[in-house]
Amino acid sequence: MYVPNSESDIVDVIDPRTFRVVHRYRVGSLPQHVVPSWDLRTLWVNENKGNRLTPIDPVTGRLGKPVPVEDPYNLYFTPDGTYALVMAERLNRLDFRNSRTMRLIRSLPLPCRGVNHGDFTADGSVFLASCEFSGQLVAINWKRPRVRKVLSVGAGNMPQDVKISPDGRLFYVADMMADGIWIIHAATFRRVGFLRTGKGAHGLYVSRDSRSLYVSNRDDGTVSVVSFARRKVVDRWRIPGGGSPDMGGVSADGKQLWLSGRYHGVVYVFSTETGKLQHTIKVGRGPHGLCFFPQPGRYSLGHTGVFR
């Protein structure tokens, strides 16, 4: 388990068997996410203010030489492994880079502010990205590349994590100001619904059996469980005494959900069977895009671990 601590510029490594921090890396300024590469051979630390990506070899545990990359808030990969997509949040653009060397190939200016998260359509042809500072979503044909459609979710709202449904028909988009998730038709890119989940809805994670969507409500100290089939909230897990569940991932066996506690300097471990908080692990300041690695999958589409 790799935990980037944005306020202390370190990455903590947790052994999921003992729930203890076993290693600590000093990295560059404002590490936001730890992202598995498309070929699963490298973990990239996104150093947002440091303007670089630092590689970690997940086999040896060694840090590699940092690569200069402008404004890497988040990182995704095209389904064919050709491009790395750098979410240059403060520059309002999507940078297309060589997925291995991170050499810049082209930049796509975006008609929105604060691009940060995304996911691909089932056929991999379109990348739907959220723009938190302008309350918009952008559908991008990445092969051309061009913006296909811009969709507003309302002035003052802040769309965050994006996930395609297991059947490929719908996108779910967390919105931390609307306190819930937008449902977007994956063919027309139109809003078709909204589910209220909790204050500060932020991260989205699909259960291992693909039946449920876990929604971390950062300002509510809760996790909502959404049924894909019923399109409704069917359960809510609470952190005793409150908390700030943010980003993370489901364990390889599907029995646990690991989330960073953004404002509490901890990592939360929930049982997906009971919804109970099993462990609270102390880490650095400002833990954010936690990566549970390795995971089942043939390749990574990026973020904290979106695998296909």
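Residues numbered from 1 in each chain as written. Predicted model: local features only at pLDDT ≥ 70, side-chain atom pairs only at ≥ 80, totals over all residues. Heavy atoms only, no water.

A word on the overall build of the protein
When its secondary structure is counted, the protein shows 0 helices and 27 strands. For 308 residues, the compact-globule estimate of 2.2 N^0.38 gives 19 Å, and the C-alpha radius of gyration of the protein, at 18 Å, lies within 12% of that figure. C-alpha extents for the protein along the principal axes are approximately 45 × 45 × 35 Å. Relative to its full complement of 308 residues, the protein shows a buried share of 62%. Long-range contacts, defined here as pairs at least 24 residues apart, represent 41% of the contacts in the protein between residues at least 6 apart. For the protein, the accessible surface area stands at approximately 12,400 Å², while carbon and sulfur atoms represent 47% of it. Of the side chains in the protein, 42 bear a positive and 26 a negative charge, and the two mean positions are spaced by 3 Å. (Helix = DSSP H or I, 4+ residues; strand = E, 2+ residues; numbered from the N terminus. Rg over C-alpha atoms; globule rule 2.2 N^0.38 Å. Buried < 20%, exposed > 50% of the residue type's maximum accessible area, 1.4 Å probe, protein only. Contact = heavy atoms within 4.5 Å. Areas by Shrake-Rupley, 256 points an atom, 1.4 Å probe, with all protein chains shown as cover. Lys, Arg positive; Asp, Glu negative; His and termini not counted. Charge placed at Lys NZ, Arg CZ, Asp CG, Glu CD.)

Describing the pattern of salt bridges
Under the criterion given, the structure shown has 11 salt bridges. Residue Asp 161 pairs with Lys 163 through a salt bridge whose shortest N-O separation is 3.2 Å. The same class applies to Asp 161 and to Lys 163, which are both buried. Taken together, the salt bridges that share partners define one network made up of Glu 70, Arg 93 and Asp 95. (Salt bridge = Lys/Arg side-chain N within 4 Å of Asp/Glu carboxyl O.)

Examining the environment of Leu 213
For Leu 213, the location among the structural elements is in strand 21 (residues 212-217). Assessed through its relative accessible area of 0%, Leu 213 is described here as buried. When the C-alpha atoms of Leu 213 and Lys 163 are compared, they prove to be 9.1 Å apart, with 50 residues separating the residues in sequence. Setting aside residues no more than four positions away along its own chain, Leu 213 makes contact with Tyr 172, Ile 181, Leu 204, Tyr 205, Val 206, Ser 224, Val 225, Val 226 and Phe 228.

A word on the sheet that holds strand 20 (residues 201-206)
Pairing in this open sheet of 4 strands is antiparallel, and the strands run 20-21-22-23 from one edge to the other. With partners counted over all chains shown, the strands left at the sheet margins are strand 20 and strand 23 (232-238), one partner each. Strand-to-strand twist across the sheet, computed as the mean angle between neighbouring axes with direction ignored, equals 25°. Sheet analysis places strand 21 next to strand 22 (residues 222-227), joined by 6 bridges and oriented antiparallel. Within the sheet, the bridge partner assigned to Leu 213 lies in strand 22 and is Val 226. (Pairing = 2+ DSSP bridges. Axes fitted to C-alpha atoms, helices over the stretch in contact; angles between N-to-C directions.)

Such coordinate-based values are descriptive only and should not be taken to indicate function.
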